[in-house]
Amino acid sequence: MTSIEERLLELLDDCQPRQLIIAGDLVHDQTSAAAAATRLARLRERCAVIVLAGNHDRDAGRMIDFLPRWETPGFVFHHGDCAALEPERIQIIGHHHPAGTLSDGAGLRLKLPAFVQQDRCWILPAFSPWAGGVAWPRRFLRRDGN
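In this text, all values refer to a predicted model and were calculated from it rather than measured experimentally.

Scoring rules and cut-offs
Residues numbered from 1 in each chain as written. Predicted model: local features only at pLDDT ≥ 70, side-chain atom pairs only at ≥ 80, totals over all residues. Heavy atoms only, no water. Pairing = 2+ DSSP bridges. Helix = DSSP H or I, 4+ residues; strand = E, 2+ residues; numbered from the N terminus. Right-handed = clockwise from strand over helix to strand, strands pointing away. Core = buried A, V, L, I, M, F, W, Y, C linked by side-chain atoms within 4.5 Å. Buried < 20%, exposed > 50% of the residue type's maximum accessible area, 1.4 Å probe, protein only. Contact = heavy atoms within 4.5 Å. Phe/Tyr/Trp six-rings, centres within 6.5 Å; stacked < 30°, edge-to-face > 60°.

Peer 1: What is the right way to look at the pairing of strand 2 (residues 48-51) in this model?
Peer 2: Strand residues, when the strand is regular, have side chains that alternate between the two faces of the sheet. Here strand 1 (residues 19-22) runs beside strand 2; their pairing, made up of four bridges, is parallel. Of the residues in strand 2, the one forming a bridge with Leu 20 is Val 49. Regarding the hand of the β-α-β motif, the stretch spanning strand 1, helix 2 (residues 33-43) and strand 2 is right-handed.

Peer 1: How should the nonpolar core be read in this particular structure?
Peer 2: Generally speaking, a soluble globular protein has its nonpolar side chains buried in company with each other. By size, the foremost hydrophobic cluster in this structure holds 17 residues, and its most contacted members are Leu 20, Ile 22, Leu 26, Leu 40, Leu 43, Val 49 and Val 51. Elements that contribute at least two residues to this core include exactly helix 1 (2-15), strand 1, helix 2 and strand 2. If you tally residues by element for this core, the top one is helix 2, at four residues. Val 51 has contacts with Ile 22, Leu 26, Leu 40, Arg 44, Asp 65, Phe 66 and Leu 67, leaving out every residue within four places of it along the chain.

Peer 1: Just to check I follow, could you spell out the pairing of strand 6 (residues 98-103) for this structure?
Peer 2: Strand direction decides the pairing type here: strand 6 and strand 10 (residues 134-135), joined by two bridges, are parallel. Note on strand 10: the bridge partner recorded for Pro 98 is Val 134. Pairing geometry for strand 6 and strand 7 (residues 109-113), over five bridges, is antiparallel. Bridged to Leu 102 within strand 7 is Leu 110.

Peer 1: Can you help me understand the packing of aromatic side chains in this one?
Peer 2: Two measures describe an aromatic ring pair: the distance that separates the ring centres and the angle between the ring planes. Scanning all chains against the criterion turns up four aromatic pairs. A centroid spacing of 5.7 Å and a plane angle of 55 degrees characterise the contact between Trp 70 and Phe 77, whose relative ring orientation is tilted. Relative accessible area serves as the criterion here: at 15%, Phe 77 is assigned to the buried category. For the pair Phe 115 and Trp 122, a centre-to-centre distance of 6.1 Å together with 70 degrees between the ring planes defines the contact as edge-to-face.

Dropping the structure here:
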């Protein structure tokens, strides 16, 4: 968790956002909830932090105020472990941890977190280095950097 917090604080310093939205699975179980609450307090010194409930966060609700979703006129943010019908807005979710694999043709393979854009659903890559990532069909992975 310390390395994740350090990377996140560096990003906040570099980008200086007004808000940070955490799309769920902040903790794995209740034993890490107190440490996560302390880390959230440090993040909130830099910007507003919105924490959405993920399927792993269920037992941490007594220590952290999770929201089920967060909305703007054009977007709906939620964890993505359950369906949400939002035909008019783009859904931004994190549950699936998509990854893409690069191969060099000689047998070397590199699996990397991937951002996936499927119709009106954008799936965020995992921020944690421990989330292995789920191989995603190539047709949904963009190679042009956009």
